[in-house]
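Structure at a glance
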Amino acid sequence: MDLEKRTSGPPQEPPPRRSDPEGCVAAAIRVPVRIVVLVLVVPVRMAWDLLVVAGRLLRDTVLRPLGRALAWLGRVLFVWPLVAVWRYAVVPLGKGLAVLGHVLLVVPAVWFHTWVLTPAGRAIVWCAAGVGAGLAAVGRGLYAVLALLGRYLVVVPATWFHTWVLVPLGHALVWCGKGVARGLGLAVTGIGAVLYWTVRILLVLPALALWRWVLTPVGRVLAVIGREVLDALGHGWRIAGHVSRAFGRFLGTLWRWAVAEPARRAYRTVLTPVGHALRDSVLRPLAEAGRAAGRIGRQAFAAARLSVRETRADLRRALFGPPPAARRPDRREPSVAEARTLGSSTTALTKD
């Protein structure tokens, strides 16, 4: 009962994750942490291995056959009926509807498009081209007039207003804004410097001291403890795996020598000779007697059937006379004596 994959050599420890020398804290907490973790992990690992074995057994003996049976039942109840309906009902109906739609819709639509819509469309396009040409000429004239009026009524005054009014006013506003921004920048710089040194002295320097002299040493100690706990968990899990595998092998050996091997020996030394003797002394003679009785019964039934046929033929011949035409010699029915002779020869051949 191997619960894990066997390895060719002894178990190897994983390489250490840090190359720097270990401190006294790590050396002091390693052994007790590993002992406690090993005591806690071994029952968990053994329970996990038992659950794995039970799950594999349940999968192989119950779930997989049940899944195959459900798959076959689903094919029988759903897939095959749907395939039959699709193949023998939907596809022929669809082909018939396609042919009917082509005859009733596509052919009339093509004729209507070819002989009605196409000439009407060409006529409308010709009329629209003439009207569009006239409207284009009128539009070009209106555009030229409106462009001339817009140039002298809007563009020229707007250009003069931008050149002699807006540009000097914008230059003056920019010069004033630069002066105001320079003053505000000097004020903000002074206020920012005061706030920077205030925050640095009141918050940053105490927080930096707390981080450097309190949190960093505590974090290093906690990191060492966490690393050792994780290493101890991995080491304990591997040791628990070896313990669980040894326990499984012990159970397998115990089952083999306590149940399987005695059962095998009893089957080979007791049940097999008894079965062979029973087969040779009882079952085979009974089978031979049954086959002989069957052959005798079949022969007796054949002889009785032939006797009945002969008696019926004699009665018909006595009542109605001989038949008008003799039967063909190859279709002649055998007599009772021939049937008996044939049965005795078959019995002799079967016995031989």
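Please read all numbers here as calculations on a predicted model, not as lab measurements.

Some details on the overall build of the protein
A tally of regular secondary structure across the protein gives two helices and zero strands. A total of about 28,700 Å² of accessible surface is found on the protein, and carbon and sulfur atoms cover 74% of it.

Focus on the pattern of salt bridges
A side chain of one charge can pair with a side chain of the opposite charge if their charged atoms are brought near each other. What the rule picks out here adds up to nine salt bridges. Across the pair Arg-264 and Glu-261 runs a salt bridge whose closest N-O atoms are separated by 2.0 Å. Highlighted residues: Arg-264 and Glu-261, both in helix H1 (residues 24–320), separated by three residues, approximately one helical turn. A residue is classified by how much of its surface remains accessible, and Arg-264, at 32% relative accessible area, is partly exposed. Each of Arg-59, Asp-60 and Arg-64 takes part in salt bridges that share partners, so that together they form one network.

Remarks on the packing of aromatic side chains
What describes a pair of aromatic rings is the distance from one ring centre to the other and the angle between the planes of the rings. Per the counting criterion, the structure on display carries one aromatic pair. Between Tyr-196 and Trp-197, the aromatic rings sit 5.4 Å apart at their centres with planes inclined by 75°, giving edge-to-face as the arrangement.

Points about a positive patch on the surface
A cluster of basic side chains, namely Arg-305, Arg-309, Arg-312 and Arg-316, defines a positive patch on the protein surface. Looking at the secondary structure, you find Arg-312 in helix H1.

Overview of the confidence of the model for the protein
Looking at the protein, pLDDT values average 82 and 84% of them are 70 or higher. A low-confidence stretch, residues 348–352 (pLDDT under 50), is modelled with one contact involving residues beyond four sequence positions or located in other chains.

Details of the nonpolar core
Membership of the largest hydrophobic core is limited to five residues, which are Val-37, Val-41, Val-42, Ala-232 and Ala-240. Apart from the residues lying within four places of it in its own chain, the contact partners of Val-37 are Ala-232 and Leu-233.

Digging into a nonpolar patch on the surface
Together, Leu-66, Leu-70, Trp-72, Leu-73, Leu-77, Phe-78, Val-79, Trp-80, Leu-82 and Val-83 give the surface a local cluster of nonpolar side chains, amounting to about 1,000 Å² of exposed area. Here Leu-66 lies in helix H1. By relative accessible area, Leu-66 is classed as partly exposed at 44%.

Conventions and cut-offs
- For every chain, the first residue of the written sequence is number 1, and numbering continues from 1 onward in sequence order.
- A pLDDT threshold of at least 70 governs which residues receive local features in this predicted model, and a stricter bar of 80 or more applies before side-chain atom pairs are shown or counted, although totals over entire chains, interfaces and linings include all residues.
- Think of the side-chain values as coming from all heavy atoms in the structure, minus any hydrogens and water.
- Each helix is a run of H or I in the DSSP string that is no shorter than four residues. Each strand is a run of E no shorter than two, and both are numbered from the N terminus.
- Note on areas: Shrake-Rupley, 1.4 Å probe, and residue coverage restricted to the protein chains presented here.
- Salt bridges are counted wherever a side-chain nitrogen of Lys or Arg sits within 4 Å of a carboxyl oxygen of Asp or Glu.
- A 1.4 Å probe rolled over the protein chains alone gives each residue an accessible area, and that area as a share of the maximum for its type sets the label: buried under 20%, exposed over 50%, partly exposed in between.
- The rule is short: rings of Phe, Tyr and Trp, with Trp giving its six-membered ring, pair when the centres are within 6.5 Å, and they are stacked under 30 degrees, edge-to-face over 60, tilted in between.
- Only residues whose relative accessible area exceeds 30% and that form no salt bridge enter a patch; like-charged residues are grouped when within 9 Å of one another, and nonpolar side chains (Val, Leu, Ile, Met, Phe, Trp, Tyr) when within 5 Å.
- Residues counted as positive are Lys and Arg, residues counted as negative are Asp and Glu, and His and the chain ends are not counted.
- For the purpose of locating charges, the reference atoms are NZ of Lys, CZ of Arg, CG of Asp and CD of Glu.
- Values of pLDDT, which run from 0 to 100, indicate the predictor's confidence residue by residue.
- Contacts are assigned to residue pairs that have any heavy atoms within 4.5 Å of one another.
- To form a nonpolar core, buried Ala, Val, Leu, Ile, Met, Phe, Trp, Tyr and Cys residues must be joined to one another through side-chain atoms within 4.5 Å.

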